[in-house]
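# Understanding the architecture of this molecule
Listed here are the chains, written in short residue letters.
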Amino acid sequence: MGFDDLTAVKDDMIAFIAGHGMRRMKSFVPEDVPTVLFEEDDVDGWKDFVEHAKAANAPFITMSDVILEPEDVSTLIAQVRDQAYPDGDSGELEEAQSLMGHVGKTGYLQLGFAQGGVIFLYETATEWYDLFQELMESVSELGHIIVDDRDEE
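Residues numbered from 1 in each chain as written. Predicted model: local features only at pLDDT ≥ 70, side-chain atom pairs only at ≥ 80, totals over all residues. Heavy atoms only, no water.

Moving on, we get to the packing of helix α1 (residues 7–19) against helix α2 (residues 45–55). Here α1 crosses α2 at 25°, and the two axes come no closer than 11 Å. Overall, the two elements α1 and α2 adopt an arrangement that is roughly parallel. Like other packed secondary-structure pairs, α1 and α2 cross with a definite hand, here right-handed. Residue-level contacts link V9, D12, M13, F16 and I17 of α1 to W46, K47, V50 and E51 of α2. When the residues that make up the contact of α1 with α2 are grouped by side-chain class, the tally is 6 nonpolar, no polar and 3 charged. (Axes fitted to C-alpha atoms, helices over the stretch in contact; angles between N-to-C directions. Helix = DSSP H or I, 4+ residues; strand = E, 2+ residues; numbered from the N terminus. Parallel < 35°, antiparallel > 145°, perpendicular 65-115°, else oblique. Left-handed = near helix turned anticlockwise from the far one by under 90°. Contact = heavy atoms within 4.5 Å. Nonpolar A, V, L, I, M, F, W, Y, C, P; charged D, E, K, R; others polar.)

This is the structure we're talking about:
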C-alpha cells in the first residue's frame, strides 16, 4: 500500500463497518492465535474483507491500529546507539532517526473476525512501519547474543 499515514484509511474502515451494520471491537489478535490471513488484491481489499465478515454473520469485527509515538522512536534510537560498534555502519541509526518524521502517524491496521474456531485477519502497514519493526527485531536479536570472551587456558 502506498500510504504514508493510514489514519484516513482507518476512518474509512470505521465508517464502512458501521455502514454495514456491524459492531467493532478494539482489540489486537496476536500471532499465536490460529489465523487465516486475507490477501488483498488492491488498496481497497479491506472492503472485501468486511463484506466477507458480514456474509459469515460475524457478530463483530476486531480492529487494532498502531500510531508511532515519540517514546517508541526515542527508545529505538537509544537501543541502536547502545548496540552500535564504534567503527560500525551508522545506517541503522540514520534509519531509526528518520522515523521521527512519522511520529503521530498511523502505521499499522489490523481487522479480524472469528469463524469456525479460526480468526480471519486483514493487515496492512506503511513502509516506515515495516522498517520500524525490522529495526526493533534487529535490536532485540542483538540484545540476546551472548559473547563469550573468556580466554581458555
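Picking up where we left off.
Okay, the pattern of salt bridges next. Overall, the coordinates contain 3 salt bridges when judged by the stated rule. Close ionic contact of D4 with K105 constitutes a salt bridge, the shortest N to O distance being 2.4 Å. A residue pair is termed long-range when its members are at least 10 positions apart, and D4 in the segment before α1 and K105 in the loop between α4 (91–98) and β4 (106–115) qualify at 101 residues. D65 serves as the salt-bridge partner of K26, at 2.9 Å between the closest nitrogen and oxygen. One end of the pair, K26, is in strand β1 (residues 23–26); the other, D65, is in strand β3 (residues 60–67), and 39 residues separate them in sequence. For D65, a relative accessible area of 14% translates into the label buried. Taken together, the shared-partner salt bridges connect K10, K26 and D65 into one network. (Salt bridge = Lys/Arg side-chain N within 4 Å of Asp/Glu carboxyl O. Buried < 20%, exposed > 50% of the residue type's maximum accessible area, 1.4 Å probe, protein only.)

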